[in-house]
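Below, each chain spelled out in residue letters.
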Amino acid sequence: MNELDPAVMSVLRTVADDPVAYVAQWKAESGRLAIASFPMNFPAEIVHAAGALPVIVQDDPTPITEGRSLLAEFYCGYTRSVADQAALGRLDVFDAFVVADHCVQLLGAVDVIRWARPDKPLHFAQFTSAMDDPWTKSRVTGRIEECAREVEAALGVSVTPEALAASIRTFNENRRRLRELYDRRRSGRARITASDMQTLVKSSMVMDVREHTALLDRLLAQLDPSAEPPGDLVRLHLSGHFCHGPRPELLDLIEESGALVVDDDLYTGFRYISTDVPESGDPLTALSDWYLERNRAAPCPTRVSAEIDWDTYLIDSIERSRSDGVVVLMAKFCEPHMLYYPELRKALDAHDIPLLLLETEHEGVPAETVRTRMETFVERIRRRPAAVSL
Ligand code: SF4
């Protein structure tokens, strides 16, 4: 087993821990603009093709102050944090905001930005959430085209098909490298902790994509392809947690309990990098293909499809990664996740797959409670008769 290059990880962690500082520095050095987007559907390639820095706004772990009076307590932590950051001026480094709708709570947070910073361009795009209808693809292509026009208007540039095609290739290269790291972790050819994996993906949501890819190349070049996986740890799949990453300290607690995270479908994880955009044909149509395809690659309960479901995907993933169990991480008050969870639980129970639900809160991690629950879960898996192991 090998570790990731500490020097590279330190650079990526600095970006992941303080995205706004990175954006401010990038703007000062490049003389270019930055556009903020929100999870989970906006195609960053459009902003990149327009010459600006695309950045996904991250959860800020500091306590929520101003945001308390702007959104109700029953909004998820991410949306309350976004409202707080907007009200406190922490998002002022961005020159415009773009959002592709997926959740009513996110719309509330975006409304706060509109109210707090009325002079900033803000484009809201509604991507059709019914994925199976014959008109879905053309409608989404139309919405993506509108996004491109709005970004052009905000920046005073035009996005050519050639520039967009080049940006698509650039982002695909980055996603491929991240998926290579996922493959190596799954197969045991690399030791990548859950919190390091989060750093890798989170920094990719913020950093200049070429700069990020170059750092991933350095990491990949130093990994030993013949490293052996440890055989004594319980292999786990982490599932859920939309829109923002769970706290790194929670991920560390999970792995300190005798478990090894080998795969995930977290948004700040595999869900974000699951799917490449087709590199041939009209690039705007390719982005709508990507939107539809990624719901097959990692189904999302905020999208509606009769053809595919998250539980089948999860069971297949668990088999592929030879995971011994699943830890579902659910952000408190995340309605789409709460509504889908019973379905997921029923399917995992039917397949005799051990499952632990951990609810997360913006206000912090109850370390001792999590530790006890995780250790009990790991012990429960260890004591399972060999005949029923996955
Ligand atoms: S999907 Fe969940 S985490 Fe994301 S904005 Fe909606 S409630 Fe919050």
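**Q** Just to check I follow, could you spell out the pairing of strand β7 (residues 325–331) for this structure?
**A** Every other side chain in a regular strand lies on the same face of the sheet, so the side chains alternate between the two faces. Most of β7 sits out of view: seven of its seven residues are buried. Burial along β7 is two-sided: the face carrying Gly325, Val327, Leu329 and Ala331 and the face carrying Val326, Val328 and Met330 are both buried. Looking at chain direction, strand β5 (residues 234–240) and β7 are connected through five bridges and run parallel. Bridge assignment links His237 to a residue of β7, and that residue is Val326. One ladder, built from six bridges, connects β7 with strand β8 (residues 355–360); its direction is parallel. From the neighbouring strand, Val327 faces β8, where its bridge partner is Leu356.

**Q** What's the story with helix α5 (residues 104–116) in this structure? I'm lost.
**A** Think of an α-helix as turning once every 3.6 residues; residues three or four places apart then point the same way. Taking 1.5 Å of rise per residue, the 13 residues of α5 would be expected to cover 18 Å, and the 19 Å separating its terminal C-alpha atoms lies within 8% of that figure. Of the residues making up α5, those classed as buried are Gln105, Leu106, Gly108, Ala109, Val110, Val112, Ile113 and Ala116.

**Q** Looking at this model, I keep getting lost on helix α9 (residues 209–222). Mind explaining?
**A** For α9, spanning 14 residues, the distance from its first C-alpha to its last is 20 Å, which sits close to the expected 20 Å at 1.5 Å a residue. Looking at the buried side of α9, the elements it contacts are α1 (6–17), α3 (44–49), α7 (161–187) and α8 (194–204).

**Q** Just to check I follow, could you spell out the pattern of salt bridges for this structure?
**A** When their charged atoms lie close together, side chains carrying opposite charge are able to pair. For the structure shown, the criterion picks out 30 salt bridges. For Glu279, the salt bridge is made with Arg176, and the minimal N-O distance between the two is 2.9 Å. Of this pair, Glu279 sits in the loop between α11 (267–273) and α12 (283–297) while Arg176 is found in helix α7, placing the two residues 103 residues apart along the sequence. The class of Arg176 is partly exposed, set by a relative accessible area of 39%. The shortest N-O distance in the salt bridge between Arg371 and Glu368 comes to 3.7 Å. Taken together, the residues span about one helical turn, with Arg371 and Glu368 both in helix α15 (residues 367–382) at a distance of three residues. The class for Glu368 is exposed, based on a relative accessible area of 52%.

The rules behind these values
Throughout this description, residue numbers start from 1 for each chain and increase along the sequence as written. Side-chain atom pairs in this predicted model are given and counted only at pLDDT of 80 or more, local residue features only at pLDDT of at least 70, and totals for whole chains, interfaces and linings cover all residues. Where side-chain values are given, they derive from all heavy atoms of the structure, hydrogens and water being excluded. Using a 1.4 Å probe on the protein chains alone, a residue whose accessible area is under 20% of its type maximum counts as buried, one over 50% counts as exposed, and one in between counts as partly exposed. By the criteria applied, helices consist of DSSP H or I runs no shorter than four residues and strands consist of E runs no shorter than two, each listed in order from the N terminus. Pairing between strands is defined by DSSP: at least two bridges between the two strands are required. Here a helix's expected span is defined as the number of its residues, less one, multiplied by 1.5 Å. Here, residues are in contact when the closest pair of their heavy atoms is within 4.5 Å. The salt bridge definition used is simple: a Lys or Arg side-chain nitrogen within 4 Å of an Asp or Glu carboxyl oxygen.

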